[in-house]
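# Chains, contacts and geometry: an overview
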Amino acid sequence: MENGKILVVGATGRVGGATVEELLGAGFEVRALVRSAEKGAPLRSLGAEVAVGDATAPDTLGPAVRGCSGILSALGAGPGRGAPEDVEYRGNLNLLSAALEAQVGRFVYSSVLMADHPLAQRIGAFREKARFEQELLAAGDLSSTILRPAIFMETLDMMLRGSVAFIPGRQRRPVSFIAARDIARAAVRAFQADILGRHELAGPDTTTFDGAFERLGKVRGKKIRALHVPLAALRVPGRFSSYVRELANMMALFDAVGFATDPSVLLDTFGVPALTIEEWANETR
Ligand SMILES: NC(=O)c1ccc[n+]([C@@H]2O[C@H](COP(=O)([O-])OP(=O)(O)OC[C@H]3O[C@@H](n4cnc5c(N)ncnc54)[C@H](OP(=O)(O)O)[C@@H]3O)[C@@H](O)[C@H]2O)c1
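Residues numbered from 1 in each chain as written. Predicted model: local features only at pLDDT ≥ 70, side-chain atom pairs only at ≥ 80, totals over all residues.

### Observations concerning the site of the ligand
Close to the ligand lie 29 residues; Gly10, Thr12, Gly13, Arg14 and Gly76 are nearest. Counting residues per element, the ones that place at least two in the shell around the ligand are helix H1 (14-25), helix H4 (84-101) and strand E7 (151-152). No other element matches the three residues that H1 contributes to the shell around the ligand. The residue inventory of the shell around the ligand, partitioned by class, reads 14 nonpolar, ten polar and five charged. (Near = placed C-beta within 6 Å. Helix = DSSP H or I, 4+ residues; strand = E, 2+ residues; numbered from the N terminus. Nonpolar A, V, L, I, M, F, W, Y, C, P; charged D, E, K, R; others polar.)

In structure tokens, the structure reads:
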């Protein structure tokens, strides 16, 4: 498609934020949907237009999508952001309705690998993404791309406390990692080259959590100790926290079947030479 204006939803997040930068760098105009004007200030200084709105408030979306030729949604229902059904399913559905109403022709959706795996249906964020994927695939008057990324390399840092990595479960099965920026690069290519359909995305490294932390430690010049916490230890806190429950169910999925996919798609389909764990760690030092 011709470079037009893209509405980026989730622009204050990892994937959305990187996509704003990559789109601007590729010559697109960008409008970022943010939930408060203050959150929009850094995006405005990058060169993006800012629209204040909320995916769960349909009235705010009409003005946000007006004049856009495409939407990138990288919404995430993290802690304190509402239930996955409200944000990941209904929020994205509201965006889709607004897009159809305003005749926006392209919708690129950042979902998650294995969203429809039977064991993933206990994870709200996976289940609701899979439900929205079905709605998007069924929407006739717009062309769509669904990106299904593996585990973000950025997640490794979230699991670290000093030089100890807290890893729920034994996690002996292979998992794939991808840098958030590479998802953003794939999203830009999807707009530029009209790459449609559903695609699983992973960087070149398929390893275990322990293997990933060992490599990260080498780049950072420190030994990272992997501390495996039994999944059962999350059961009690999970009764009081939906976030812990989601985390426990997700780690149980990885423990049971792994989370790996073909790393060749990023380069072969999207032309993105994906970052290794070492390259990502050096770039984000
Ligand atoms: N972490 C992983 O390993 C991994 C792997 C595969 C897929 N994913 C999925 O990839 C997606 C993007 O992840 P990420 O790490 O980039 O997410 P993130 O950093 O947590 O950001 C989520 C974004 O969604 C926005 N948001 C939440 N509720 C909203 C609402 N009602 N209206 C408008 N915006 C709203 C947030 O805005 P505020 O700043 O206002 O809260 C934020 O910009 C998520 O769906 C995640 O589940 C993650």
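### Details of the sheet that holds strand E3 (residues 49-52)
Taking strand neighbours across the sheet as the criterion, the seven strands line up as E3-E2-E1-E4-E5-E6-E11 in an open arrangement whose pairing is parallel. Edge strands, defined here as strands with exactly one partner in the open sheet, are E3 and strand E11 (197-201). Each adjacent strand pair in this sheet contributes to an overall mean axis angle of 20°, direction not counted. Sheet analysis places strand E4 (residues 70-73) next to strand E5 (residues 106-110), joined by four bridges and oriented parallel. Each bridged residue has a counterpart across the sheet, and for Gly70 the counterpart in E5 is Arg106. (Pairing = 2+ DSSP bridges. Axes fitted to C-alpha atoms, helices over the stretch in contact; angles between N-to-C directions.)

### Notes on the pairing of strand E1 (residues 5-9)
With four of five residues buried, E1 is to be regarded as a mostly interior element. Bridge count for E1 against strand E2 (residues 29-34) is five bridges, and the pairing is parallel. Note that in E2 the partner of Leu7 across the bridge is Arg31. A crossover connection joins E1 to the parallel E2 through H1; in handedness this β-α-β unit is right-handed. By the bridge criterion, four bridges tie E1 to E4 in an arrangement that is parallel. The partner of Ile6 across the bridge, within E4, is Gly70. (Buried ≥ 20, exposed ≤ 12 C-beta atoms within 10 Å, placed from the backbone. Right-handed = clockwise from strand over helix to strand, strands pointing away.)

### Observations concerning the nonpolar core
If you look at the biggest cluster of nonpolar residues, it comprises 92 residues, and the most contacted ones within it are Ile6, Val8, Val9, Ile71, Ile178 and Ala187. With eight residues, helix H7 (residues 180-192) is the single largest residue contributor to this core. Those residues in contact with Ile71 that lie beyond four places of it in its chain are Ile6, Leu7, Val9, Val65, Leu95, Ala99, Val104 and Phe107. (Core = buried A, V, L, I, M, F, W, Y, C linked by C-beta atoms within 7 Å. Contact = placed C-beta atoms within 7 Å.)

### Here we look at the sheet that holds strand E12 (residues 206-207)
As summarised here, the arrangement of the three strands in space is E7-E10-E12, forming an open sheet in which the pairing is mixed. A single partner strand is all that each edge strand has here, and the edge strands are E7 and E12. Relative to strand E10 (residues 175-178), E7 runs parallel, the two being bridged by two bridges. The residue bridging Phe152 from the neighbouring strand is Ile178, located in E10.

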